[in-house]
2 protein chains.
Amino acid sequence: MIPAKAYAAQNAKSPLAPWSFERRDVGPDDVLIDIAYCGVCHSDIHQARNEWGGATFPMVPGHEIVGTVAQVGANVKKFKAGDRVGVGCMVDSCRECAQCKADLEQFCEKGMSGTYNGFEQDKKTPTQGGYSDKVVVTQDFVLSIPDNLPLDAAAPLLCAGITTYSPLRHWKIGKGDKVGIIGLGGLGHMGVKFAAAFGAETYVITTSPGKAEDAKRLGAVGTVVSKDKDDLAKHAGSFDFLLCTVAAEYDPGLYLGLLKVDGTMAVVGAPDKPLNLHLFSVIMGRKTLAGSLIGGIKETQEMLDFCGEHNIVSDIEVINIQQINEAYERMIKSDVRYRFSIDMKSLAA
Amino acid sequence: MIPAKAYAAQNAKSPLAPWSFERRDVGPDDVLIDIAYCGVCHSDIHQARNEWGGATFPMVPGHEIVGTVAQVGANVKKFKAGDRVGVGCMVDSCRECAQCKADLEQFCEKGMSGTYNGFEQDKKTPTQGGYSDKVVVTQDFVLSIPDNLPLDAAAPLLCAGITTYSPLRHWKIGKGDKVGIIGLGGLGHMGVKFAAAFGAETYVITTSPGKAEDAKRLGAVGTVVSKDKDDLAKHAGSFDFLLCTVAAEYDPGLYLGLLKVDGTMAVVGAPDKPLNLHLFSVIMGRKTLAGSLIGGIKETQEMLDFCGEHNIVSDIEVINIQQINEAYERMIKSDVRYRFSIDMKSLAA
């Protein structure tokens, strides 16, 4: 559990105090950001609770960071004080390997620097995330937030947004495609918005019949209830593409059966345990099961610009940092539509 | 077990007797083939022993059929008596659905007619395969065997050949690609020959260090021993494409770790039981696990023509039908390099 009260207590001592021992000085290529809001990602829970192992403490979670620029280093040309900016899941990478040069920093061959619970490129200095008042990030990993997007609802774009935008773009989803978004949570609701915005005939595939109305409001044309055999049979072999956002255990064959010949199911949710995959479910119909991980910096900016043009943000519930433990418990019960966004002013409360 | 002696015994009664009750008359679009050789596929064992369930008996296995045309129907223009021909895993399909029209009859929406242990398109008349003296097949499902290929070694091209050729073509494997063929058996040895012929830097990935010499002879530049952790580490993240021919249970994560970012592992072997797939193994590196099933009729002819141009056949051991049960036992122990081909003259012995 995150010792939420400790944030406020430490913060009370000095406006710059709480994690200044980890926060570096603003170097020539750095941007100092006053954090306004930070989205709460399910992976924050996994890491804060060390459910994936290897967590380093003290840990400040948060990789859906938005705010305004407070100060820039001498070499910084892209940003100036007052700019609305964001930081996602990465704060640096080697910038020299084939993946970095291909704008796929998330697959940096030397390892990207995760925004928190990771290390700077020196592989020694721990990184700390966005449940904080300020953060220092090298300019190449800072994103611009379009002026028309409210900051609180834009925050989740930095992870939930790019995680769903990237595979839909990579597999060239658009008009004429029948697309299913599996799971309607923080990731899934963004997937529905993007797939619909790209012109796809979009369905929500969910275990909960109660989400049908919300699915339509978000842009879906219909819902497939995955516990309903008739519903599955009706849509069998009919989807071009599925985006699976489920992070719990499931039977991938159930969903692969919904795909057309040569269809693709891309997974962005990562269950802790391995799934049982019967290979016949991909052999019959030459189907593809593929993974996708966030997106590169260039594509993240492209996604934010697309959101600006199309007025796309996340559906959020704003909380104070003092509510974070309760928020984690509610997320585990899927009791949020669809993302918590922490108002960082509450740190000073 | 196949009652091998029964074949000979029945056959002795009359040159046309054994399964004439199942063999239809030669219709206007049909070709009557005198079978010369039939390859022995591992799936013959699964079906003869009803290991996949739903088998229909009496069953004449065999879907790697080669021989010469004995007689043609009035409408047959493609073939004449004496032509060298082959029949693979299918003998018909609906010919009207989107898949049939896209030359993917193996994925016919109404169900293709398997060469044996299946039904004609009337969904009633059982089909019987190539462990026989003759077979009647509609002309559109009969293939031409190039003149320069010996019939005995060409037989396995009809299943093992197309099963490995098709995915290598579909994923556009060629010069500049580092390709791994996982498993060096009936399918795998054909995969090595094709990948090398397409210009790929081809490796055999095997549990048996003893296969390194054979791998080179078949066209591989090297071998990766999958039980050797150092070998796996040396090749980690280096392959563009993997073709997995293994039909026993395995850990797909072991092989997915060998792929580059955006790499693909295509599976053509179908283990009876589901595999344990940890989704991180595809999410990290945006990797693909895909299936492939034989190939359409047009592509099968393209493969045979390619084999003719490049003098590619299977490595075989010719047996008599009386040795079939022993052959099955040896195949289960991987004791064949690399395919049995039955000399169908032995039926008359």
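Residues numbered from 1 in each chain as written. Chains lettered and ligands numbered in written order. Predicted model: local features only at pLDDT ≥ 70, side-chain atom pairs only at ≥ 80, totals over all residues.

(A) Seen up close, helix 11 (residues 297–310) of chain B. Residues and elements named next belong to chain B. Over its 14 residues, helix 11 runs 20 Å from end to end, which matches the ideal 20 Å to within 8%, given 1.5 Å per residue. Turning to helix 11, its buried residues number three or more, namely I297, T300, M303, L304 and C307. Within helix 11, the buried residues cover an arc of 115° as seen down the axis, which keeps them to one side. Turned more than 90 degrees away from the buried face of helix 11, the exposed residues are K298 and E309. For helix 11, the secondary structure elements touched by its buried residues are strand 7 (143–144) and helix 5 (160–170). Downstream of helix 11 by a residue or two, N311 has a phi angle that is positive, lying close to 50°. (Helix = DSSP H or I, 4+ residues; strand = E, 2+ residues; numbered from the N terminus. Expected span 1.5 Å × (residues − 1). Buried ≥ 20, exposed ≤ 12 C-beta atoms within 10 Å, placed from the backbone. Arc of directions from axis to C-beta. Contact = placed C-beta atoms within 7 Å.)

(B) Up close: the interface of chain A and chain B. At the junction of the two partners, chain A supplies 26 residues and chain B supplies 26 residues. Of all the elements in the fold, those that place two or more residues in the side of chain A that touches chain B are strand 12 (259–267), strand 13 (275–277), helix 10 (280–283) and strand 14 (288–291) of chain A. Along the lines of polarity and charge, the residues of the side of chain A that touches chain B split into 17 nonpolar, seven polar and two charged. For strand 14 of chain A and strand 14 (residues 288–291) of chain B, the ladder comprises three bridges, and the chain directions are antiparallel. Its bridge partner lying in strand 14 of chain B, T288(A) is registered against A290(B). (Nonpolar A, V, L, I, M, F, W, Y, C, P; charged D, E, K, R; others polar. Pairing = 2+ DSSP bridges.)

(C) Examining the sheet that holds strand 10 (residues 222–225) of chain A more closely. Spatially, 12 strands are ordered 10(A)-9(A)-8(A)-11(A)-12(A)-14(A)-14(B)-12(B)-11(B)-8(B)-9(B)-10(B) in an open sheet, and the strand pairing comes out mixed. Both edges of this open sheet fall to strand 10 of chain A together with strand 10 (222–225) of chain B, since each of them pairs with a single strand only. Sheet twist, expressed as the average angle between the axes of neighbouring strands with direction ignored, equals 20°. Note that strand 12 of chain A and strand 14 of chain A share four bridges and pair parallel. Across the sheet, residue V267(A) finds its bridge partner in strand 14 of chain A, namely G291(A). (Axes fitted to C-alpha atoms, helices over the stretch in contact; angles between N-to-C directions.)

(D) Region of interest: the pairing of strand 15 (residues 316–320) of chain B. Residues and elements named next belong to chain B. Relative to strand 16 (residues 339–343), strand 15 is paired through five bridges, and the arrangement is parallel. Each residue of the ladder has a partner; that of I319, found in strand 16, is I342. In this fold, the crossover linking strand 15 to strand 16 by way of helix 12 (residues 324–332) has right-handed handedness. (Right-handed = clockwise from strand over helix to strand, strands pointing away.)

(E) Expanded view of the relation of the copies chain A and chain B. Of the two same-sequence chains, chain A is brought onto chain B (RMSD 0.0 Å, axial shift 0.0 Å) by a rotation of 180°. Such a combination of turn and shift is consistent with a two-fold rotation axis. (Least-squares fit on C-alpha atoms with pLDDT ≥ 70 in both.)

(F) Summary view of unusual backbone geometry. With omega at 0°, the peptide bond leading from F57(A) into P58(A) counts as cis. Mapped onto the secondary structure, P58(A) falls in the loop between helix 2 (42–48) and strand 2 (65–72). In the Ramachandran plot, N117(A) falls in the positive-phi region, its phi being about 55° despite a non-glycine side chain. Mapped onto the secondary structure, N117(A) falls in the loop between strand 5 (113–114) and strand 6 (134–138). Residue K172(B) is not a glycine yet carries a positive backbone phi of 55°.

(G) Local environment of the domain arrangement of chain A. Per the domain assignment, the segments making up chain A are domain 1 (4–159 + 315–348) and domain 2 (161–291). A per-class count over the side of domain 1 of chain A that touches domain 2 of chain A returns six nonpolar, three polar and four charged. (Domains from an automatic or database assignment.)

(H) The environment of L304(A), seen in detail. All names here are of chain A. Here L304 lies in helix 11 (residues 297–310). For the pair formed by L304 and G67, sequence separation is 237 residues and the distance between their alpha carbons is 14 Å. Those residues within four positions of L304 in sequence are excluded, and the remaining contacts are L143, S144, I145, P146 and L157.

(I) Region of interest: the packing of helix 5 of chain B against helix 11 of chain B. Residues and elements named next belong to chain B. Two elements in contact, helix 5 and helix 11, have axes whose closest approach is 10 Å; the angle formed by their N-to-C orientations is 100°. Judged by the angle between their axes, helix 5 and helix 11 are roughly perpendicular. Two secondary-structure elements touch here, helix 5 through G161, I162, Y165 and S166 and helix 11 through E299, T300, M303 and C307. Grouping the amino acids of the contact of helix 5 with helix 11 by side-chain chemistry returns four nonpolar, three polar and one charged. (Parallel < 35°, antiparallel > 145°, perpendicular 65-115°, else oblique.)

(J) Local environment of the packing of helix 5 of chain B against helix 6 (residues 186–197) of chain B. Residue and element names in this part refer to chain B. Look at helix 5 against helix 6: their axes get within 8 Å of each other, and the N-to-C directions meet at 45°. One element, helix 5, and the other, helix 6, form an angle in the oblique class. Regarding helix 5 and helix 6, the two cross each other, and that crossing is right-handed. In this structure, helix 5 contributes A160, G161, T163, T164, Y165 and L168 to the contact, and helix 6 contributes G186, L187, M190, G191, F194 and A195. Broken down by class, the residue content of the contact of helix 5 with helix 6 amounts to seven nonpolar, five polar and no charged. (Left-handed = near helix turned anticlockwise from the far one by under 90°.)

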